[in-house]
Amino acid sequence: MKNNKFILLGLLCIIGQNSWAQQKNNYFDIVKQSDDYFKTSGTKNPDYKNYQRWKWYFSTRTALNGDLLNTTDYKQNALQQINWMTPNLTESNTGAWSFLGPDNVASTDEGIGRVNRITFHPTSAATLFASTAGGGLWKTTNSGASWFCLTNGLPNLNTSGMAIDYTNTNILYLLTGDGDGSGGSANGQFGYGRYSIGVLKSYDGGGTWVQTNLTFLETDNVDAYKIIMHPTNPNILFVATSSGIYKTTDGFNTFTRVRNLRTYDIEFRPNNASTVYATGDGYFFRSTNTGSTWGNGKYLSGNARCEIAVCPSLDTRVYILSGPSTAIGEFNGFFRYNNTDSSITDLANTPNILGSSSVGNDKKDQAWYDLALAVNPTTSAQINTGGIYSWRSTNSGSSFSYVNPNSSTPPSKYHADIHELAYNPLNNYLYMACDGGMYVSTDFGVTFDAINTNLAITQYYKISSSKTNATLILGGAQDNGTNKRTANNSSFTKVSGADGMDCTFGNSTNNIHFTSAQDGVIYRSGNAGSSFTTFTNPELTSIGLGHDSGYVVGQWCTPIALHPSNDNILFLGYEHVIKVTRNTSPFVYNVYEDISDRGTGYRNVSGKTFLKVGTSNANRIYAGDNEGYYTNSSEKWNAVYRTNDGGATWTSIRSEVRSAKPPVTDLAVNPGNSLDIWLTYGGYVSGKKVFHSSDGGDNWTDVTGTLPNVPVNCILYGDDASNTNDPIYIGTDIGVFYKDNSLGDWIPYHNGLPAVEVTDLELNFTDNLLRAGTYGRGMWETSLYSNCNADLTFSTSNQTYNLSYYHQASNTINSTAETFGNGVEVFYKAGVDIDLKEGFVASAFDNTSVFEAFIGNCGGGVPSIQNKQSSAAKTGYLINYKQAIKKAD
């Protein structure tokens, strides 16, 4: 009966959702309808950015016909396929990844990445939990001075809240999905977030996780917003989602859907938990029987998202903040509900406290995406709100004052786009979760300070490593601009704004930087990043080519390729391939050339997906577009081209119907031989991941081997000159793999790397370091592949304590590292000596962790004495995930 109940529930979830986007499960259908919508509303519509984010992400993560899939299922299968947590590899070196950064960012707001929700420990004010948009669940035990991840093995987990059992703090409930990122956009209903797979539960403080019986498939299209726990019975919990409210009385062994319409927020009445409040689509609801039934609700305004704040000091009072903005200087309203007589009073709707104006005289808001409300536990008169920025009231909402995010007197800093505000009841500190991370206020919201140290959650699109200086790194990050590292540490500096995209250093000098923002805006610095000017954008490029504005269309993440020997020439992957030459005489101006023309009757060459220039032959350029063009109502094409003469003529080297091949994602060129290339694919077609050509794409060989069936996002040739061994690294949705001509197949190159989406790979030639940009866990680096290291030394600085490692050395291994954490496995194998020095720790809280050391020759993997099949509970991994998914079959 439980399985049947789940099937019915899944069906009701779909039927009950009144959302344009959630009525469609096909990428092509959604794109067509969205594009039509924005032709009318315009690309200046603020929702357009969120749609473009979604389009970028899912363009390479669908079925061949465009159907959206249960991507988490594919990732979990892939992790099982490669035996991610077992040391059975025959090769000797699987990398030694360490976190590169950023763990703090020098900028006015110190933003590092998006946090959706905050959870407080019931007895320790210094212990906090942060539920992030793409980096999983994080914990601090020292008030945010440092953080560590509890979900390293869960592939790029999106989270929207957590609840902790106050009678047994080892029991945690984690709500998956990115509800805040899923609203808005076309028709006010569509965004770029990822859907929930339900509630996960941990019995060991976050070391391992199980899927509860409240399980969704991603194709159920359920947005998750909030999870709360009953104040006196920890087995009673509620979850607010786009398909309604779910209630459990036994820790999600069973559950009931007690409301079947979209619900954004839910709260218990202080001192009387039989009364529960909720909001959804412009209505305020109350239950008086612990959420078992709900009334019709009280209409507030529009189809708006509303947030609730209950008043512990006056438990009959509830505040409600309702978006969006309605006119210049106005928003839907700030309301007060009186539980005694069920009356609602509209206290204010001016100024617009949801917008970006410091005086509230604009008509902006992002209420579907960021809306927050909190009240001081000690006085109901003191209220804090969050929208794009924070405002506060000291008179019960009669008036509000703006909280400056970049104040010098008094000193204060916080990032825009606020997702939650919450007071810690143990110390009355106010905490903020926003697009920049975590912030705290000790003066009731007058000022804020960042507490983001080593909160490694930055979502990188592209990264760049200097060719001559190993310390210099650039990275384009979602929400947080382009960051730069200038010293050999994990501190970065924000050098340009908006959403950071592709970037590169100059070839001849590191003083030249190119960075970019969404939709093809390109910046240039000639003074090592001290200042930037706009190098070009689609409008300037269109005019520079002698056309009206709109001739050139920028992409969400526009590829840029620097000429290998001339730092004044940049190639841009717009819908046309554009060559831009910076001319400095008699004054600085750009010369624009459209080199994409294939002649009458042919489609112009597009470099929207990738653009590569041959190092050994700059006239040989490769351009790829995985979106292609419609040949009829249902087909799209991969289109890959090569020019041998700098764009005068082009040859099609790959043209594929999407119903036959997944989308292309990237291309690597051998620096010593520009005809030697490798092409990668996204999507979920087993056996179609990587292809090689030795003649510039005229002929291809499938070199996929036994790669798991997840998208390959990026590829890198692992040398700066011709190498007959052809070292190749690829970044996938679950990590990095390596192959060369001496190996029979790809190997996982994953020591110390979380199971994360790798979006870009870079090679530093000076120190032979491989860098990875990830979408949710910042940047990482490792040494390059070698048959066997002679000597290895480990410490807490290069071996993260809660990750698993498998190391071999031909001579010695020395370690002072702390190797502990539930489910962690650490294996050392050396030919001569293993020296565990003072400071080395190997411990765990249960029997799921393993440390083993062996003396033996390199090769053959590390001979584990454990039964590999018995070790089902790995750190951060879902236990019985497959069984949980079967509940929906």
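Residues numbered from 1 in each chain as written. Predicted model: local features only at pLDDT ≥ 70, side-chain atom pairs only at ≥ 80, totals over all residues. Heavy atoms only, no water.

Undergrad: In this structure, what is going on with the overall build of the protein chain? I would like to understand it.
TA: Secondary structure summary: the protein chain contains six helices and 65 strands in total. Per-residue burial for the protein chain yields a buried fraction of 64% across its 889 residues. Considering only residue pairs separated by 6 or more positions, the protein chain has 53% of its internal contacts joining residues 24 or more positions apart. Carbon and sulfur atoms provide 46% of the accessible area of the protein chain, an area that totals close to 30000 Å². (Helix = DSSP H or I, 4+ residues; strand = E, 2+ residues; numbered from the N terminus. Buried < 20%, exposed > 50% of the residue type's maximum accessible area, 1.4 Å probe, protein only. Contact = heavy atoms within 4.5 Å. Areas by Shrake-Rupley, 256 points an atom, 1.4 Å probe, with all protein chains shown as cover.)

Undergrad: Looking at this structure, I do not really get empty space enclosed by the protein. What am I missing?
TA: Applying the stated rule across the entire model yields nine cavities of 30 Å³ or more. Volume-wise, the largest cavity comes out at about 150 Å³. Among the residues forming the lining of the largest cavity, the class breakdown is seven nonpolar, seven polar and three charged. (1 Å grid on protein atoms, 1.4 Å probe; cavity = no way out; pocket = protein on both sides within 12 Å on 5 of 7 lines; lining within 4 Å. Points joined across faces, edges and corners; volume = space filled by probe spheres on them. Nonpolar A, V, L, I, M, F, W, Y, C, P; charged D, E, K, R; others polar.)

Undergrad: Help me understand helix α3 (residues 47-58), please; the structure alone is not making it clear to me.
TA: Between its terminal C-alpha atoms α3 stretches 17 Å, which fits the 16 Å expected from twelve residues at 1.5 Å a residue. α3 sits mainly inside the fold: ten of its twelve residues count as buried. The set of residues buried in α3 consists of D47, Y48, N50, Y51, Q52, R53, W54, K55, Y57 and F58. Buried-residue contacts for α3 involve α2 (27-41), α4 (71-81) and β31 (460-465). (Expected span 1.5 Å × (residues − 1).)

Undergrad: Explain the nonpolar core here, please?
TA: As a rule of thumb, nonpolar side chains are buried together in soluble globular proteins. Membership of the largest hydrophobic core comes to 26 residues, with the highest contact counts inside it found for W138, W147, Y431 and M438. Elements represented by at least two residues in this core include exactly β3 (115-120), β4 (128-132), β28 (430-434), β29 (437-441), β31 and β32 (473-477). The leading source of residues in this core is β3, at three residues. Dropping the residues within four chain positions of it, Y431 is found in contact with I118, F120, A125, L128, E420, L421, A422, N424, M438, Y439, V440 and I451. One finds L716, V736, I747 and Y785 within the second-largest nonpolar core, a separate group that totals 19 residues. (Core = buried A, V, L, I, M, F, W, Y, C linked by side-chain atoms within 4.5 Å.)

Undergrad: Would you explain the packing of α2 against α3 in this entry?
TA: Angle between the axes and distance between the axes: these two values describe a pair of packed helices. Contact geometry for α2 and α3: axes closest at 11 Å, N-to-C directions at 155°. When the axes of α2 and α3 are compared, the pair comes out roughly antiparallel. Here α2 runs over α3; the crossing is left-handed. Across the interface between the two elements, Y27, I30, V31, S34, D35 and F38 of α2 pack against D47, Y48, Y51, W54, K55 and F58 of α3. For the contact of α2 with α3, the residue count by class is eight nonpolar, one polar and three charged. (Axes fitted to C-alpha atoms, helices over the stretch in contact; angles between N-to-C directions. Parallel < 35°, antiparallel > 145°, perpendicular 65-115°, else oblique. Left-handed = near helix turned anticlockwise from the far one by under 90°.)

Undergrad: It is not clear to me how the sheet that holds strand β38 (residues 533-536) should be interpreted in this structure. Could you clarify?
TA: To summarise the sheet geometry, strands pair through backbone hydrogen bonds and adopt either a parallel or an antiparallel arrangement. Spatial strand order, β35-β36-β37-β38: four strands in an open sheet with antiparallel pairing. Looking along the sheet, the strands with just one partner apiece sit at the ends: β35 (504-505) and β38. (Pairing = 2+ DSSP bridges.)

Undergrad: I tried to follow the sheet that holds strand β53 (residues 735-739) on my own but got confused; where do I start?
TA: Sheet architecture is open: four strands sit in the order β51-β52-β53-β54, paired in antiparallel fashion. Each edge of the sheet is formed by a strand with only one pairing partner; in this case those strands are β51 (712-717) and β54 (747-748). Examined bridge by bridge, β51 and strand β52 (residues 728-732) share five bridges and lie antiparallel to one another. Paired with V712 across the two strands is T732, which belongs to β52.

Undergrad: Even after reading the chapter, I still don't get the packing of aromatic side chains, so can you show me in this structure?
TA: Where two aromatic rings form a pair, the distance of their centres and the angle of their planes describe that pair. Enumeration according to the criterion identifies 45 aromatic pairs in this entry. Each ring, one from Y173 and one from F252, has its centre 5.9 Å from the other, and the planes form 65°; the classification is edge-to-face. Of this pair, Y173 sits in strand β8 (residues 172-176) while F252 is found in the loop between β13 (244-248) and β14 (256-259), placing the two residues 79 residues apart along the sequence. The two residues Y173 and F252 agree in class, both being buried. If you follow R61 out to its NZ or CZ, it ends over the ring of Y57, 4.1 Å from the centre. Positioned above the aromatic ring of Y57, the side-chain terminus of R194 is 4.2 Å from the ring centre. (Phe/Tyr/Trp six-rings, centres within 6.5 Å; stacked < 30°, edge-to-face > 60°. Lys NZ or Arg CZ within 6 Å of the ring centre and 35° of its normal.)

Undergrad: Mind showing me how you'd approach a nonpolar patch on the surface here?
TA: Together, F587, Y589 and V591 line one region of the surface with nonpolar side chains, adding up to about 280 Å² of accessible area. You can see V591 is positioned in strand β42 (residues 589-594). (Patch = residues over 30% accessible without salt bridge, like charges linked within 9 Å, V, L, I, M, F, W, Y side chains within 5 Å. Salt bridge = Lys/Arg side-chain N within 4 Å of Asp/Glu carboxyl O.)

Undergrad: Would you take a moment to explain the pairing of strand β10 (residues 209-215) for this structure?
TA: It is a general feature of regular strands that their side chains alternate between the two faces of the sheet. Across the seven residues of β10, seven count as buried, placing the element largely inside the fold. Pairing of strand β9 (residues 198-202) with β10, which is carried by three bridges, proceeds in the antiparallel orientation. In the strand pairing of β10, G198 is matched with T215. The antiparallel pairing of β9 with β10 creates a hairpin that spans six residues between the two strands, and G205 there sits at a positive phi of about 75°.

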